[in-house]
Amino acid sequence: MKPSIVVAPPEETQANKIFMEKTYELLARWAMEDLKQQAENHAKVLEKKAG
């Protein structure tokens, strides 16, 4: 018995695509904010060492 292939309707696929794009956008923004915060913290540590 062959497994049947289920194809999502186009509007569902489009909605899923948009959802994933927004999710990746958000994750990228969080990652950038986290990196920025780490860089700022690192800069403060270096300033204290140099100070």
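Values in this document were obtained by computation on a predicted structure and should not be read as measured data. (Residues numbered from 1 in each chain as written. Predicted model: local features only at pLDDT ≥ 70, side-chain atom pairs only at ≥ 80, totals over all residues. Heavy atoms only, no water.)

Quick look at the overall build of the protein now. Helix and strand counts for the protein come out as one helix and zero strands. For the protein, the exposed area adds up to about 5,200 Å²; of that, 64% sits on carbon and sulfur atoms. Here the protein contributes 8 positive and 8 negative side-chain charges, whose respective centroids are spaced 6 Å apart. (Helix = DSSP H or I, 4+ residues; strand = E, 2+ residues; numbered from the N terminus. Areas by Shrake-Rupley, 256 points an atom, 1.4 Å probe, with all protein chains shown as cover. Lys, Arg positive; Asp, Glu negative; His and termini not counted. Charge placed at Lys NZ, Arg CZ, Asp CG, Glu CD.)

Before going further, it helps to spend a moment on a nonpolar patch on the surface. Together, Phe-19, Met-20, Tyr-24, Leu-26, Leu-27 and Trp-30 give the surface a local cluster of nonpolar side chains, amounting to about 640 Å² of exposed area. Its location among the elements puts Leu-27 in helix H1 (residues 10-50). Leu-27 sits in the partly exposed class, given a relative accessible area of 44%. (Patch = residues over 30% accessible without salt bridge, like charges linked within 9 Å, V, L, I, M, F, W, Y side chains within 5 Å. Salt bridge = Lys/Arg side-chain N within 4 Å of Asp/Glu carboxyl O. Buried < 20%, exposed > 50% of the residue type's maximum accessible area, 1.4 Å probe, protein only.)

As for its placement among the helices and strands, Glu-25 is situated in helix H1. The class for Glu-25 is partly exposed, based on a relative accessible area of 42%. Once the C-alpha coordinates of Glu-25 and Val-45 are considered, the two residues, 20 residues apart in sequence, prove to be 30 Å apart.

Once that is clear, we can look at the environment of Lys-48. Position of Lys-48 among the secondary structure elements: in helix H1. A relative accessible area of 71% places Lys-48 in the exposed class.

Here the focus is the pattern of salt bridges. Under the counting rule described, the total for this entry stands at two salt bridges. Glu-21 is the salt-bridge partner of Lys-17, the closest N and O atoms lying 3.9 Å from each other. Separated by four residues within a single helix, Lys-17 and Glu-21 lie in helix H1, roughly one turn from each other. On the basis of relative accessible area, Lys-17 is assigned to the partly exposed category, the value being 48%. A relative accessible area of 44% means that Glu-21 is categorised as partly exposed. In this structure, the salt-bridge partner of Glu-25 is Arg-29, at a minimum N-O distance of 4.0 Å. Separated by four residues within a single helix, Glu-25 and Arg-29 lie in helix H1, roughly one turn from each other.

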